[in-house]
Amino acid sequence: MDPAIVSAMAAVFGSLVGGSATVATAWVTQSTLSKRELLGAEIRTRQTLYAEFIRECSKLVVDSFTHTLDKPETLLPVYEVLNRIRLCASDAVLAEAERILATITEQYFSPNLTVDEIRALVRSGKADADPLRRFGEACRVELKSMRGAM
């Protein structure tokens with residue numbers, strides 16, 4: 001073969017390999033960034049949703065200690081958030097959310113607690129003193145595993 005042709009072919013193939021490497025690197029980088037952005041948005045969405053559920057349940061827990069369920073629509077906001085959780089949460093988070101709602105409902109139909117009984121419950125340090133604790137822990141585990149995937 002003619003040395004000029006070999007040199008020209010080497011230059012063309014070198015340019016192709018170099019250009020291909022640049023394109024491949026850019027594609028992988030963009031793909032990784034897109035996945036990270038989507039996962040970050042999903043984490044923020046879940047944090048907001050879980051915080052909303054905790055806010056609604058906190059109100060109902062305190063209310064259930066001193067009231068009976070006079071109007072079933074009192075539970076409507078928490079059912080709405082629970083069903084939004086059902087769309088995206090892990091099984092562990094969903095199970096804890098459903099457990100909290102069952103606990104709240106049961107408390108509404110139990111005898112009301114006096115202020116002294118509520119104080120004693122809080123001071124006891126028992127796990128049932130904070131019915132939202134296990135939900136928060138399940139959320140933390142789920143979100144931590146999602147962050148680890150980033």
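These remarks concern the structure in this document. (Residues numbered from 1 in each chain as written. Predicted model: local features only at pLDDT ≥ 70, side-chain atom pairs only at ≥ 80, totals over all residues. Heavy atoms only, no water.)

A word on the overall build of the protein
Part 1 of the argument: A tally of regular secondary structure across the protein gives 5 helices and 0 strands.
Part 2 of the argument: Along the protein, helices and strands appear, N-terminal first, in the series α-α-α-α-α.
Part 3 of the argument: Here the protein has a C-alpha radius of gyration of 28 Å; the compact-globule value for 150 residues is 15 Å, and the former is much larger.
Part 4 of the argument: Viewed in the frame of its principal axes, the protein has a C-alpha envelope of about 100 × 30 × 20 Å.
Part 5 of the argument: Buried residues in the protein amount to 25% of all 150 residues.
Part 6 of the argument: Treating the 18 positive side-chain charges of the protein as one cloud and the 19 negative ones as another, the clouds have centres 6 Å apart. (Helix = DSSP H or I, 4+ residues; strand = E, 2+ residues; numbered from the N terminus. Rg over C-alpha atoms; globule rule 2.2 N^0.38 Å. Buried < 20%, exposed > 50% of the residue type's maximum accessible area, 1.4 Å probe, protein only. Lys, Arg positive; Asp, Glu negative; His and termini not counted. Charge placed at Lys NZ, Arg CZ, Asp CG, Glu CD.)

Examining the pattern of salt bridges
Part 1 of the argument: This structure, assessed with the given rule, holds 8 salt bridges.
Part 2 of the argument: Across the pair Glu80 and Arg84 runs a salt bridge, and its minimum N-O distance is 3.0 Å. A residue pair is termed a helical-turn pair when its members lie 3 or 4 positions apart in one helix, as Glu80 and Arg84 do in helix α2 (residues 76-88) at 4 residues.
Part 3 of the argument: Using a relative accessible area of 37% as the deciding quantity, one classes Glu80 as partly exposed.
Part 4 of the argument: Judged by its relative accessible area of 31%, Arg84 is partly exposed.
Part 5 of the argument: Glu96 is the partner of Arg134 in a salt bridge, and the nearest nitrogen-oxygen pair spans 3.2 Å. In this pair, Arg134 is assigned in helix α5 (residues 133-148) and Glu96 in helix α3 (residues 91-108), connecting sequence segments 38 residues apart.
Part 6 of the argument: According to the relative accessible area criterion, Arg134 is partly exposed, its value standing at 44%.
Part 7 of the argument: Within the structure, one salt-bridge network assembled from shared partners comprises Glu42, Arg46 and Glu142. (Salt bridge = Lys/Arg side-chain N within 4 Å of Asp/Glu carboxyl O.)

Considerations on the packing of aromatic side chains
Part 1 of the argument: What the rule picks out here adds up to 2 aromatic pairs.
Part 2 of the argument: With 5.9 Å between their ring centres and 80° between their planes, Tyr50 and Phe135 make a pair best called edge-to-face. Taken together, the residues span a long stretch of sequence, with Tyr50 in helix α1 (residues 3-66) and Phe135 in helix α5 at a distance of 85 residues.
Part 3 of the argument: Among the residues examined, Tyr50 registers a relative accessible area of 2% and is labelled buried. (Phe/Tyr/Trp six-rings, centres within 6.5 Å; stacked < 30°, edge-to-face > 60°.)

A closer look at α3
Part 1 of the argument: End to end, α3 covers 26 Å across 18 residues, agreeing with the expected 26 Å (1.5 Å per residue, within 8%).
Part 2 of the argument: What α3 keeps buried is the set Val93, Leu94, Glu96, Ala97, Ile100, Leu101, Ile104, Gln107 and Tyr108. Projected down its long axis, α3 carries its buried residues within an arc of 165°, all on one side. Exposed residues on α3 whose side chains face more than 90 degrees from its buried face are Asp91 and Glu106. (Expected span 1.5 Å × (residues − 1). Arc of directions from axis to C-beta.)

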